[in-house]
Protein chains: 2
Amino acid sequence: MSKCEQCIVREFSSLKALTKDELVKLSDCKTSHIIKKGEVIFEEGENVNGIYCIKDGVCKLTKLSANGKDHIVKLVTKGELLGQRSMISDEPVNLSAVALEDMQVCFIPKSEVMGYFDKNNQFSMNVMKSICGDLKEADDHMVNLAQKTVKERLAETLLYLNDTFGKNEDNSLKVQLSRDELASIIGTATESCIRLLSDFKKLGLIELTGKKIVLKDINALKKLAE
Amino acid sequence: MSKCEQCIVREFSSLKALTKDELVKLSDCKTSHIIKKGEVIFEEGENVNGIYCIKDGVCKLTKLSANGKDHIVKLVTKGELLGQRSMISDEPVNLSAVALEDMQVCFIPKSEVMGYFDKNNQFSMNVMKSICGDLKEADDHMVNLAQKTVKERLAETLLYLNDTFGKNEDNSLKVQLSRDELASIIGTATESCIRLLSDFKKLGLIELTGKKIVLKDINALKKLAE
DNA sequence: TCTTTAATATGACAAATATCATATTTTTAA
DNA sequence: TTAAAAATATGATATTTGTCATATTAAAGA
């Protein structure tokens, strides 16, 4: 079992506030898991009873809409924690988490985490700040969905993927989403998403090779995204 | 100056965790304000340096979109706190707050509130839970904006206004919004909103008398909202 | 009160987006 | 490897939604 004290990823999450003693104790009670691409970490409505720390990989957080379609609310990657909101609210999780690529995650039981809230003020503040960041992001995202066109949202999302997750050696976006997933981030029909990608390609803004997407003209995309 | 110890509204917010001593101290440093309908409490981008406790009235939290239109992210009413996220993140506020009716609010400076975070764990937990509630709401709202039609969103919003803020003696919705404001909650053009309200009226779902809206057939509206 | 301005309403039309059908390509698994 | 299934692509068309023009009504100020 790997030691939390030596885990670099910890430095990027709220857990960086933990003391050496707390980390040693944490190592003993956490469990490590390998999640394969496509596998579910938890499902909307479940009682998770703890948080997941992402050591490697990217997952999507989705919510089922009344029309039966999944909407992708957020992408989460290494260094971030999952299930904080649910644990603090003491409610089932509001979103499902599904791996977009192979992942390494550690599960920390609720009992352990709640202890930190009592004894480690810096940890509390870190968690609070992280949730506040999520809230700001959600509000901003909401305004975009309400006010921007599908084309603007697609351009914006491509730039977001590029900025947040970077690109491979061949310049293609590192996070590979299906057209369906891309559509369910921007909130449109799969066909509309495919059509707009084709348009972008014809305009020389992007290059498409199978699932791979290469951003060719970032400035033009920025203009499109407004 | 009214005393916080005797303020009933306090019981409905995170402030309910404060001790008698803390409340006495709070009474001394808080400032009370009357805000007239239409007046701005704070504006997006401002440094607020504290939180507002709403003693009476309702306000809208809005964000300016790139297209120049305001989007209403949330309505907030008595017993709730404003500016928590900004204070915790130590950032300018992300949203503007504008009174929808005459309001009474109290301002509590940051220095005072931050002290509670250190010394009063229950207060911290309350604030965290409240922000977690906002986040869940925002995520749910996001999915609705992305996946539901304007008609569904309008029906849902009317029901929300009814459930959350209640109605007057004449059965009309207590919170009076202009068509423009209603449109900027559901994320559509003002004309589309007006048109759909007319449709709802023709179908006997609602009654319109000037700005007043009476919900006539709640079950049918629920079906429409899915 | 009267005048001016703003809000609400509605028609006509344009643009954006969704849906359905179907072809093509890619992936999966027998 | 090959057959079946899934994902991607594109056309045709319907529906939804936005925009512009213009009444009509309500509200605000002189």
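Every value quoted in this text rests on a predicted model; they were computed, and no experiment measured them.

With that settled, the discussion passes to the protein's contact with DNA strand D. Near DNA strand D, the surroundings consist of 16 residues, among which R179 and S198 of chain A together with V150, T188 and S192 of chain B are the closest. Of everything in DNA strand D that lies within 4 Å of the protein, sugar and phosphate atoms constitute 56%. In the model, a base oxygen of DNA strand D is placed 3.0 Å from a nitrogen or oxygen of the R195 of chain B side chain. When contributions to the surface near DNA strand D are tallied by element, the ones reaching two or more residues are α6 (179-186) and α7 (190-202) of chain A together with α7 (190-202) of chain B. Per-element accounting of the surface near DNA strand D gives the leading share, four residues, to α7 of chain A.

The residues that UniProt annotates with the feature "domain: Cyclic nucleotide-binding" (unreviewed entry) are residues 14-110 of chain A. Secondary structure content for residues 14-110 of chain A is 18% helix and 44% strand, and the end C-alpha separation is 15 Å.

A few words on the interface of chain B and chain A. Accessible area lost when the parts come together is the quantity often used to give the size of an interface. With 40 residues of chain B in contact, the opposing surface of chain A contributes 40 residues. For the pairing of chain B and chain A, the buried interface totals around 3800 Å² over both sides, and the portion due to carbon and sulfur atoms is 70%. Three residues stand out in chain B for area buried against chain A, namely M128, M142 and Q147 of chain B, and they jointly supply 17% of the buried area on that side. Where chain B packs against chain A, one counts two salt bridges.

Let us now look at the domain arrangement of chain A. Residues and elements named next belong to chain A. What the domain assignment lists for chain A is domain 1 (4-145) and domain 2 (148-225). Taking the mean C-alpha position of each, domain 1 and domain 2 sit 27 Å from one another. Across the contact, 13 residues belong to domain 1 and 14 residues belong to domain 2. For the pairing of domain 1 and domain 2, the buried interface totals around 1200 Å² over both sides, and the portion due to carbon and sulfur atoms is 56%. When the buried surface of domain 1 facing domain 2 is broken down by residue, I72, L75 and N144 rank first, second and third, together holding 44% of it. Between domain 1 and domain 2 we count one salt bridge in total. With a shortest N-O distance of 2.9 Å, E181 and K60 are connected by a salt bridge. Run the count over domain 1 and domain 2 and you get five residue pairs in polar contact (both at pLDDT 80 or more). The element contributing the most residues to the side of domain 1 that touches domain 2 is strand β5 (residues 70-77), with five residues.

Moving on to the packing of aromatic side chains. As enumerated under the stated definition, the model contains ten aromatic pairs over all chains in all. With 6.0 Å between their ring centres and 90° between their planes, Y160 of chain B and F165 of chain B make a pair best called edge-to-face. Relative accessible area serves as the criterion here: at 11%, F165 of chain B is assigned to the buried category. Joined through ring pairs, the aromatic side chains of F42, Y52 and F107 of chain A make up one cluster.

The next subject is the protein's contact with DNA strand C. The environment of DNA strand C is made up of 14 residues, and the closest members are V150, T188 and S192 of chain A together with R179 and S198 of chain B. Within 4 Å of the protein, the contacting atoms of DNA strand C are drawn from sugar and phosphate to the extent of 57%. In this structure, a base oxygen belonging to DNA strand C sits 3.0 Å away from a side-chain N or O atom of R195 of chain A. Put simply, the parts of the chain that give the surface near DNA strand C at least two residues each are α7 of chain A together with α7 of chain B. Partitioning the surface near DNA strand C into residue classes produces three nonpolar, five polar and six charged.

This brings us to the relation of the copies chain B and chain A. Each copy superposes on the other: chain B lies on chain A with an RMSD of 0.0 Å after a rotation of 180° and an axial shift of 0.0 Å. Considering both components of the superposition, the chain copies are consistent with a two-fold axis. Of the interface residues in chain B, 100% have counterparts in chain A that sit at the interface too, so the contact is made through matching surfaces.

Rules used throughout
- Residue positions are given per chain, counted from 1 along the sequence in the order it is written.
- Chain A is the first chain written and ligand 1 is the first ligand written, with later ones labelled in order.
- Residue-level local features of this predicted model are given only where pLDDT is at least 70; pairs of side-chain atoms are given and counted only at 80 or more, and the full residue set underlies all totals for whole chains, interfaces and linings.
- For side-chain calculations, the full set of non-hydrogen atoms in the structure is used, while hydrogens and water are omitted.
- We define proximity as follows: a residue is near a molecule or strand when any one of its heavy atoms falls within 4 Å of that partner.
- Two N or O atoms count as a polar contact when they lie within 3.5 Å, although within protein this holds only if one can serve as hydrogen donor and the other as acceptor, and sequence-adjacent residues are included solely when both atoms are side-chain atoms.
- Numbering goes from the N terminus for both helices and strands, where a helix is a DSSP run of H or I of at least four residues and a strand is a run of E of at least two.
- UniProt positions are given in the numbering used here, feature names are shortened, and annotations may be inferred rather than shown by experiment.
- When checking whether two residues touch, look at their non-hydrogen atoms; a contact exists if any pair is within 4.5 Å.
- Summed over both partners, the accessible surface that disappears when two parts come together, traced with a 1.4 Å probe, is what is meant by buried area.
- Counted as salt bridges are all cases of a side-chain nitrogen of Lys or Arg within 4 Å of a carboxyl oxygen of Asp or Glu.
- Domains are outlined according to an automatic or database domain assignment.
- Classification of ring pairs rests on two measures: the distance between centres of Phe, Tyr or Trp rings, Trp counted by its six-membered ring, which must be within 6.5 Å, and the angle between planes, read as stacked under 30 degrees, edge-to-face over 60 and tilted in between.
- Note on exposure labels: buried denotes an accessible area under 20% of the residue type's maximum, exposed denotes more than 50%, and partly exposed covers the range between, all computed with a 1.4 Å probe on protein chains only.
- Following the grouping adopted for this structure description, the nonpolar residues are Ala, Val, Leu, Ile, Met, Phe, Trp, Tyr, Cys and Pro, the charged ones are Asp, Glu, Lys and Arg, and the polar ones are all others, Gly among them.
- Least-squares fitting of one copy onto the other uses the C-alpha atoms of those residues that reach a pLDDT of at least 70 in both copies.

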